[in-house]
Amino acid sequence: MSDAFSLADVKYVKRVIVGNDNPETAPDEDKYEKQLAFLNRCLGEAPKGRIVGQEKNFYLLNLGEHQVVMQYIVYHVGFERKPCWMK
């Protein structure tokens, strides 16, 4: 039998941000790597989480004559119970 996933089994949801969610700060690759490592830990370690939703956000910055689009994604990771390693 396959291990079926049901939203009814989700008792805890963690919001995991990947990307720069603050337009006041400069992009930081080390921060992005830590965010991805945390997301991978949520999806790979016991109890394994499942992505139950996501938000795609962006903001526009005007830098002189140029307009820059900054994006970030928020993953909603659902667990059957809150992992003990999560603070």
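Residues numbered from 1 in each chain as written. Predicted model: local features only at pLDDT ≥ 70, side-chain atom pairs only at ≥ 80, totals over all residues. Heavy atoms only, no water.

1. A look at the packing of aromatic side chains
Inclusion rule: Two aromatic rings, drawn from Phe, Tyr or Trp (for Trp, its six-membered ring), form a pair once their centres lie within 6.5 Å of each other, and the interplanar angle then sorts them: stacked below 30 degrees, edge-to-face above 60, tilted otherwise. By the criteria applied, helices consist of DSSP H or I runs no shorter than four residues and strands consist of E runs no shorter than two, each listed in order from the N terminus. Burial here depends on accessible area, computed with a 1.4 Å probe over protein chains only, as a share of the maximum for the residue type. Under 20% is buried, over 50% is exposed, and the range in between is partly exposed.
Summed over the entire model, instances satisfying the criterion amount to 2 aromatic pairs. Centre to centre, the rings of Tyr-12 and Phe-79 are 6.3 Å apart; their planes meet at 40°, and the pair counts as tilted. Note that Tyr-12 is positioned in strand β1 (residues 12-19) and Phe-79 in strand β3 (residues 66-79), a separation of 67 residues in sequence. By relative accessible area, Phe-79 is classed as buried at 1%.

2. Brief notes about the nonpolar core
Nonpolar side chains in soluble globular proteins generally cluster together in the buried interior. Heads up, the condition is: We call a set of buried residues a nonpolar core when its members are Ala, Val, Leu, Ile, Met, Phe, Trp, Tyr or Cys and they connect through side-chain atoms within 4.5 Å of each other. Contacts are residue-level and defined by heavy atoms, with any inter-residue pair within 4.5 Å sufficient.
Val-16, Val-18, Leu-39, Cys-42, Tyr-75, Val-77, Phe-79, Trp-85 and Met-86 form the largest nonpolar core, which has 9 residues in total. Elements with a minimum of two residues in this core: β1, α1 (29-44) and β3. With 3 residues, the top contributor of residues to this core is β3. Beyond its immediate chain neighbours, meaning those up to four positions away, Val-77 contacts Tyr-12, Val-13, Lys-14, Val-16, Leu-39, Cys-42, Leu-43, Gly-49, Arg-50 and Ile-51.

3. Focus on the layout of surface pockets
Selection criterion: Site definitions follow a grid-based scheme: protein atoms alone, a 1 Å grid, a 1.4 Å probe that fits but cannot get out for cavities, and for pockets an open set with protein on both sides within 12 Å along at least five of seven lines, plus lining residues having an atom within 4 Å of a point. Grid points are joined across faces, edges and corners, and a volume is the space filled by probe spheres set on the points. Residues are grouped as follows: Ala, Val, Leu, Ile, Met, Phe, Trp, Tyr, Cys and Pro are nonpolar; Asp, Glu, Lys and Arg are charged; every other residue, Gly included, is polar.
Its boundaries defined by the atoms lining it, the largest pocket holds a volume of some 200 Å³. As for the largest pocket, its lining consists of Asp-3, Ala-4, Phe-5, Asp-9, Val-10, Pro-47, Lys-48, Arg-50, Gly-78, Phe-79, Glu-80 and Arg-81. A per-class count over the lining of the largest pocket returns 5 nonpolar, 1 polar and 6 charged.

4. A closer look at the sheet that holds β3
Using the following cut-off: We treat two strands as partners when DSSP finds at least two bridges between them. Working convention: axes come from line fits to C-alpha atoms, limited for helices to the stretch in contact. Angles between N-to-C directions cover 0 to 180 degrees.
Here we have 3 strands laid out as an open sheet, ordered β1-β3-β2, and antiparallel in their pairing. For this open sheet the edge positions go to β1 and β2 (50-63), each flanked by a neighbour on one side alone. Across the sheet, the mean angle from the axis of one strand to that of its neighbour is 20°, orientation sign disregarded. Pairing geometry for β1 and β3, over 8 bridges, is antiparallel. In the sheet register, Val-18 faces β3, and the bridge partner there is Ile-73. Contacts from α1 reach β1, β2 and β3 within the one sheet, and its direction differs from that of β1 by about 150°.

5. Some words on a negative patch on the surface
The condition is simple: Residues form patches when they are more than 30% accessible in relative terms and have no salt bridge. Like charges link within 9 Å. Nonpolar side chains (Val, Leu, Ile, Met, Phe, Trp, Tyr) link within 5 Å. The accessible surface values rely on the Shrake-Rupley method and a 1.4 Å probe; as for residues, cover is taken only from the protein chains in view. Each reported salt bridge corresponds to a side-chain nitrogen of Lys or Arg within 4 Å of a carboxyl oxygen of Asp or Glu. Two residue types count as positive, namely Lys and Arg, and two as negative, namely Asp and Glu; His and chain ends fall outside the count. Taken as the charge centre is NZ of Lys, CZ of Arg, CG of Asp or CD of Glu, depending on the residue.
Together, Asp-28, Glu-29, Asp-30 and Glu-33 make up a region of like negative charge exposed at the surface. With respect to the element layout, Glu-29 can be found in helix α1. Residue Glu-29 is classed as exposed on the basis of its relative accessible area, which comes to 53%.

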